[in-house]
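# Fold and contact review
This is what each chain is made of:
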Amino acid sequence: MFKKIMKGGHKKPSKSDSNDPPPSGNNRNSSAPSPNVVVNHASRGGAGGTSVASSAANFSMTPASGTMEPVPLFRDVPVSDKQNLFLKKLHICCFSLDFTDTLKNVREKEIKRQALMELVEFIQSGSGKISESSQEEMIRMISINIFRCLPPASHENTGQEPTDPEEEEPCLEPAWPHLQLVYELLLRYVVSSDTDTKVAKRYIDHSFVLKLLDLFDSEDPREREYLKTILHRIYGKFMVHRPFIRKAINNIFYRFIYETERHCGIGELLEILGSIINGFALPMKEEHKLFLVRALLPLHKPKSVAMYHQQLSYCITQFVEKDFKLADTVIRGLLKYWPVTNCQKEVLFLGELEEVLEATQAAEFQRCMVPLFKQISRCLNSFHFQVAERALFLWNNEHIVSLIAQNRTVVLPIIFEAFERNIEGHWNQAVHGLTVNVRKMFIEMDAELFEECQRHHTEKRAKAKDVAEQRELNWKRLAEAAAQNGVADMVTD
């Protein structure tokens, strides 16, 4: 999968791609999902996506060696010496230290922490323009610190069956106090107005972006939050990388859906995409529509969809709000992946369905209303009261009620029987009461149609009763015939 990304890494983006608007800032803030890890990952193999032939940043990733000595502060040296001091501080930060033991390398850790803080302040203040060689060294230092093998999940160490991702405790990165400063430095460099994208893209290239995407599988939610912000900024600033980033995220989703079903950063990646989709220009490119059908809709399939459903629902709704003609595609996609035995997923799907229907126009509604209300009818009769209740809540939405009212001659005959079953025998009183209210709504909407449906329902039940009585009579005759002829005569050699 990542080989395909690398092959596409050299492709010159089209003018239409490079003219994409930067991602909008109104993506939803949501709580970070509980983590789950898969070992078969590019960042764990050390080679996945790291060899882009055209990369200008083919620098050594070897950590510094030797003795670490403190260096002066920036404020204590003249301006002419600051570039050299900047490089010395970068060299100090290239040292690799053991953070699993808090008592080990205490002096060196403090020197490195102070150096990182000074570097962040130097970039943030914009007190001096950084030379190209210094920028290259800085990205090399950042790469040495953040690009690493991620630890395996607990079930992969023990050989036990994987647990529910929601129940797993995250494995927090012991080196985070230092890693956070490295990420902050990278973020300040990317967002700085002094950073020239023509120069920076030589070092923040496809290989760097791909390895950054690998780190989204980190179990530490603090790291994923920084990665989300940094990748979002890179997408906005480096227009040349936009098609590549979209394609790489696409491939992560494919692998998650069809191979592993385990990844920690799906929610964060969807948050970035929610902002990107919000900035799509109209008319929407075919590439974006294919992404909706091939990646976003199938993301409803994995068992762990609850972990990232809020972000996924936002992305889906953004597509429909951008292009209302996609409503039919989205609703049919939801029906395709509708859960059969998972009631909690059904509740989530019904909530998302309401948001999509809110942005749906009459013409698109008419195209999919028959299969849609067949599914809603099944939900109305669910023995899980939350599913039935959530389905009935759809009638609290004025826009959905208006769509139903316009097409009541088609909708009511489909769901009438479900209403009657609930009134006759649903165990939950709340569901029973809501059904009565919705039933009254249809009576007020079109009493004549309601009476016609009731008559058909009565006839259907009468016919069903006759068929059942005839079946019972046939079995009775067979039993009498068997008794007259004897059991032995019923057996053939």
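Computed from a predicted model, the values in this text were never measured in an experiment. (Residues numbered from 1 in each chain as written. Predicted model: local features only at pLDDT ≥ 70, side-chain atom pairs only at ≥ 80, totals over all residues. Heavy atoms only, no water.)

### Quick look at the packing of aromatic side chains
Inspection of the entire model under this criterion finds 16 aromatic pairs. Plain terms: the ring middles of Tyr183 and Tyr226 are 6.1 Å apart, the flat faces sit at 20° to each other, and that makes the pair stacked. Here the residue Tyr183 occupies a position in helix α8 (residues 176-191), and Tyr226 occupies one in helix α11 (residues 221-237), the gap between them amounting to 43 residues. Each member of the pair, Tyr183 as well as Tyr226, is classed as buried. The interplanar angle of 80° and the centroid separation of 5.4 Å between the aromatic rings of Trp338 and Phe349 together place this pair among those described as edge-to-face. Here Trp338, found in the loop between α16 (327-336) and α17 (343-358), pairs with Phe349, found in helix α17; they are eleven residues apart in sequence, far enough to count as distant. Its relative accessible area of 0% is what places Phe349 among the buried residues. What links up through ring pairs into an aromatic cluster is the set Phe74, Phe86 and Phe122. Stacked on the ring of Phe74, the Lys or Arg Lys89 has its end atom at 5.3 Å from the ring centre. (Phe/Tyr/Trp six-rings, centres within 6.5 Å; stacked < 30°, edge-to-face > 60°. Helix = DSSP H or I, 4+ residues; strand = E, 2+ residues; numbered from the N terminus. Buried < 20%, exposed > 50% of the residue type's maximum accessible area, 1.4 Å probe, protein only. Lys NZ or Arg CZ within 6 Å of the ring centre and 35° of its normal.)

### Describing helix α20 (residues 398-406)
Of the positions making up α20, those classed as buried are Ile400, Val401, Leu403, Ile404 and Ala405. Buried residues along α20 sit in contact with α17, α18 (362-380), α21 (408-425) and α22 (429-445). For α20, the side-chain oxygen to backbone nitrogen distance between the N-cap and His399 is 3.0 Å, and the N-cap itself is Asn397. (Contact = heavy atoms within 4.5 Å. Polar contact = N/O pair within 3.5 Å; in protein donor to acceptor, adjacent residues only side chain to side chain.)

### Topic: the confidence of the model for the protein chain
Atom-level detail of predicted coordinates should not be read off regions where pLDDT is low. Per-residue confidence for the protein chain averages 85 on the pLDDT scale, and 82% of its residues sit at or above 70. Contacts of residues 1-19 to residues separated by more than four positions or lying in other chains number 32 contacts, the stretch itself having pLDDT below 50. Within the model, the stretch residues 25-58 combines pLDDT values under 50 with 98 contacts to residues more than four positions away or in other chains. (pLDDT = per-residue confidence, 0-100.)

### Remarks on the nonpolar core
Counting 133 residues, the largest nonpolar core has Phe253, Leu296 and Trp395 as its most contacted members. The element best represented in this core is α8, accounting for ten residues. (Core = buried A, V, L, I, M, F, W, Y, C linked by side-chain atoms within 4.5 Å.)

### Structural notes on the environment of Arg224
In this structure, Arg224 sits in helix α11. By relative accessible area, which is 0% here, Arg224 ends up buried. In terms of polar contacts, Arg224 uses its side chain to reach the backbone carbonyl oxygen of Ser218, at 2.9 Å.

### Considerations on the packing of helix α10 (residues 206-214) against α11
Between α10 and α11, the shortest axis-to-axis distance is 10 Å and the interhelical angle comes to 150°. Taken together, the axis directions place α10 and α11 in an arrangement best described as roughly antiparallel. By crossing handedness, the relation of α10 to α11 is classed as left-handed. Contact with α10, carried on its side by Val209, Leu212 and Leu213, involves Leu227, Ile230, Leu231 and Ile234 of α11 and no other residues of that element. Partitioning the contact of α10 with α11 into residue classes produces seven nonpolar, no polar and no charged. (Axes fitted to C-alpha atoms, helices over the stretch in contact; angles between N-to-C directions. Parallel < 35°, antiparallel > 145°, perpendicular 65-115°, else oblique. Left-handed = near helix turned anticlockwise from the far one by under 90°. Nonpolar A, V, L, I, M, F, W, Y, C, P; charged D, E, K, R; others polar.)

### Brief notes about the state of the cysteines
A full pass over the atoms with the stated rule returns zero disulfides. Here Cys171 stays unpaired: no disulfide links it, and the sulfur of Cys264, its closest cysteine neighbor, is 9.8 Å away. (Disulfide = S-S within 2.5 Å.)

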